[in-house]
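# Observations on chain architecture
The lines below spell out each chain.
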Amino acid sequence: GLTVTPRALNVTPDALARTYGDANPATATASADNLVNGDTIASVSVTTPATPASNVGTYPTDASAALFSNGAAGNYTIRYARNPAGLDVTPRPLR
């Protein structure tokens, strides 16, 4: 019989920004290289070594747990790629 196997998919979190002192974003949109049949990813969970006290600068982000808006994660063998410039911490304006 016919065997259908999961399709390989590379998912990279899109770049994010936040202000110095704010909490890190928990989710992001993502780019994926091999989606088919109208499948789309709504968001991914993201982590970063940056903390709210991290200085202004750029930090990497790692993705996990892709949430599909169309299609299903089970149809893919997902490899999550690091975005080396995934989080831009910007200066907090003085008031």
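Residues numbered from 1 in each chain as written. Predicted model: local features only at pLDDT ≥ 70, side-chain atom pairs only at ≥ 80, totals over all residues. Heavy atoms only, no water.

## Here we look at the sheet that holds strand β1 (residues 7-13)
As a reminder, the rule being used: Only strands joined by at least two bridges in the DSSP assignment are considered to pair. Runs of E in the DSSP output that reach at least two residues are strands. Runs of H or I that reach at least four are helices, and both are numbered from the N terminus. Axes here refer to lines fitted to C-alpha atoms; in helices the fit is confined to the stretch in contact. Angles between the N-to-C directions go from 0 to 180 degrees.
Read from one edge to the other, the open sheet built from 3 strands follows the order β4-β1-β7, with strand pairing classed as mixed. Each edge of the open sheet is held by one strand with a lone partner, namely β4 (30-32) and β7 (76-80). Here the strands of the sheet are splayed against their neighbours by 30° on average, with no regard to which way each runs. By the bridge criterion, 5 bridges tie β1 to β7 in an arrangement that is parallel. Counterpart to N10 in the pairing with β7 is R79.

## Let's talk about the side chain of T61
Spelled out, the test is: Exposure categories follow from relative accessible area, calculated using a 1.4 Å probe and restricted to protein chains: below 20% of the type maximum is buried, above 50% is exposed, and the middle band is partly exposed. Should any heavy atoms of two residues lie within 4.5 Å, those residues are counted as being in contact.
With respect to the secondary-structure elements, T61 resides in strand β6 (residues 57-70). Take T61: its relative accessible area is 2%, and that puts it in the buried class. Beyond its immediate sequence surroundings of up to four residues, T61 is in contact with P13, T47, T48, R82, N83, G86 and L87.

## Let's talk about unusual backbone geometry
One non-glycine residue, N37, lies in positive phi territory at about 60°. In this fold, N37 is placed in the loop between β4 and β5 (40-47).

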